[in-house]
Number of protein chains: 2
Amino acid sequence: MSTQTQSEWAEHALAALADAGYRRGGARTAVVEALAEHDCAVTALDLDEELRRRKPAVGRASVYRALEQLEQLGLVQRIEVCRGTAGFERIDPTGHHHHHAICRDCGKMVPFEDQSLEKALAQVAGTMPFDVTEHDVVLRGRCEHCAR
Amino acid sequence: MSTQTQSEWAEHALAALADAGYRRGGARTAVVEALAEHDCAVTALDLDEELRRRKPAVGRASVYRALEQLEQLGLVQRIEVCRGTAGFERIDPTGHHHHHAICRDCGKMVPFEDQSLEKALAQVAGTMPFDVTEHDVVLRGRCEHCAR
DNA sequence: ACGCTTTTGAGAATCGTTCTCGTTACCCGA
DNA sequence: TCGGGTAACGAGAACGATTCTCAAAAGCGT
């Protein structure tokens, strides 16, 4: 079922890219497929390393380009994982999403979701003199392992 | 009154640094004073530029060092302002704090605070297998000026 | 004032990300 | 089906923010 969701996202993303007028391209498709296989945020460099080994190797620039386009179309979300490194993860087209708690010591990332948090965020967004399109929420601290 | 709060924070921060065993140092003190004068997040490079002009010029390395130490002691919070640049702002010892909405086009930053958001965050934090010490919330979108 | 340590500043090094540019691959129309 | 125009690509250079290195210059307890 998880696999199902993943391939659904890949199809959705590729369709959205086509609708946006992008041509089909091997590198971009590879990035979409790689993202589809990750359930939580990955860094661009991790993706790069992963894709560099492919049959026709994918270049770093293509990875970043694809990620930027995907972000632009609202297909992936970028979050700050740690000190100047971005993590990327696919956005469920239903709008259903989660946030993260990140350990300041080991970098471990734990996803969570909370309805009342979303409600509070939506409400605040409505009162701002801003056209808010997305939000970042990150809890920081120490994971159970690093806490002692 | 705002000035009052600022100098109070500076005193508080300097005392905390002393308690932590740090010696008095001109550069670090300058960073604390500069932070005290900003009501919202500043980037390290902005601080650097600001402090380079001082009587005894403060070096970039010292600015970053001081910020790291202050963050470590829970005296300043670091937030991702945009693409790989961090913003820093003082943390009120009473725990009272705000979050930010950031324009993706012009970078304009608008602070806000919301009680029910804080409540939801605190509640979620309690359910995580994490010792959560702080949280980042950033609303992203376009400001009223860039929106049209 | 002395001596041991911490702090400091200038510049080099690092790391993630973005840009450049010559080449390759797609897609539309003839 | 066969171009031709244009988007996509990969390699490496460039860039900006941050961190590291190291010798010189203060702190602070004695």
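Details of the structure are given in the entry above.
Residues numbered from 1 in each chain as written. Chains lettered and ligands numbered in written order. Predicted model: local features only at pLDDT ≥ 70, side-chain atom pairs only at ≥ 80, totals over all residues. Heavy atoms only, no water.

> Mind showing me how you'd approach the nonpolar core here?
Nonpolar side chains in soluble globular proteins tend to be buried together. Residues L117(A), M128(A), L139(A), L117(B) and M128(B) are the most contacted members of the largest nonpolar core, which totals 27 residues. Elements supplying a minimum of two residues to this core: β4 (99-103), β5 (109-112), α5 (115-127) and β6 (130-143) of chain A together with β4 (99-103), β5 (109-112), α5 (115-127) and β6 (130-143) of chain B. In terms of residues, this core owes the most to one element, α5(B), which gives five residues. The contact partners of M128(B), leaving out residues within four places of it in the chain, are A101(A), V110(A), F112(A) and L139(A). (Core = buried A, V, L, I, M, F, W, Y, C linked by side-chain atoms within 4.5 Å. Buried < 20%, exposed > 50% of the residue type's maximum accessible area, 1.4 Å probe, protein only. Helix = DSSP H or I, 4+ residues; strand = E, 2+ residues; numbered from the N terminus. Contact = heavy atoms within 4.5 Å.)

> Which parts of the structure should I look at to understand the relation of the copies chain B and chain A?
What relates the two chain copies is a rotation about an axis together with a slide along it. Each copy superposes on the other: chain B lies on chain A with an RMSD of 0.2 Å after a rotation of 179° and an axial shift of 0.0 Å. Interpreted geometrically, this transformation is the action of a two-fold axis. Comparing interface residues between copies, 100% of those in chain B also lie at the interface in chain A; the contact surface is shared. (Least-squares fit on C-alpha atoms with pLDDT ≥ 70 in both.)

> So what exactly am I meant to see when it comes to the protein's contact with DNA strand D here?
Around DNA strand D sit 24 residues, and of these R23(A), R28(A), A57(A), S62(A) and Y64(B) come closest. Taking all atoms of DNA strand D within 4 Å of the protein, the share assigned to sugar and phosphate is 67%. In this structure, S62(A) approaches DNA strand D through a side-chain N or O atom, which is 2.6 Å from a phosphate oxygen. For the surface near DNA strand D, the secondary structure elements donating two or more residues are α2 (26-36) and α4 (60-72) of chain A together with α3 (44-52), α4 (60-72) and β3 (85-90) of chain B. Counting residues per element, the surface near DNA strand D draws most heavily on α4(A), which supplies four residues. (Near = heavy atom within 4 Å. Polar contact = N/O pair within 3.5 Å; in protein donor to acceptor, adjacent residues only side chain to side chain.)

> Just checking my understanding: could you explain the environment of Y22(A) for this structure?
Residue and element names in this part refer to chain A. Of note, Y22 is situated in the loop between α1 (2-19) and α2. With relative accessibility at 30%, the residue Y22 sits in the partly exposed group. Placed 48 residues apart in sequence, Y22 and L70 show a C-alpha to C-alpha distance of 11 Å. Dropping the residues within four chain positions of it, Y22 is found in contact with L17, R28, Q69 and L73.

> Just to check I follow, could you spell out the interface of chain B and chain A for this structure?
As a measure of interface size, the accessible area lost when the parts come together is often cited. Residue-level contacts link 35 residues of chain B with 36 residues of chain A. Buried area between chain B and chain A, both sides added, is near 3400 Å², and the carbon and sulfur share of it is 60%. The tally of links between chain B and chain A comes to six salt bridges. The shortest N-O distance in the salt bridge between R83(A) and E71(B) comes to 3.0 Å. For the interface between chain B and chain A, the tally reads 18 residue pairs in polar contact (both at pLDDT 80 or more). Within the residue set of the side of chain B that touches chain A, elements represented by two or more residues are β2 (76-82), β4, β5, α5 and β6 of chain B. With 14 residues, β6(B) is the largest single contributor of residues to the side of chain B that touches chain A. Looking at the side of chain B that touches chain A, its residues break down into 18 nonpolar, four polar and 13 charged. With 13 bridges connecting them, β6(A) and β6(B) associate as antiparallel partners. (Buried area = accessible area lost by both parts, 1.4 Å probe. Salt bridge = Lys/Arg side-chain N within 4 Å of Asp/Glu carboxyl O. Nonpolar A, V, L, I, M, F, W, Y, C, P; charged D, E, K, R; others polar. Pairing = 2+ DSSP bridges.)

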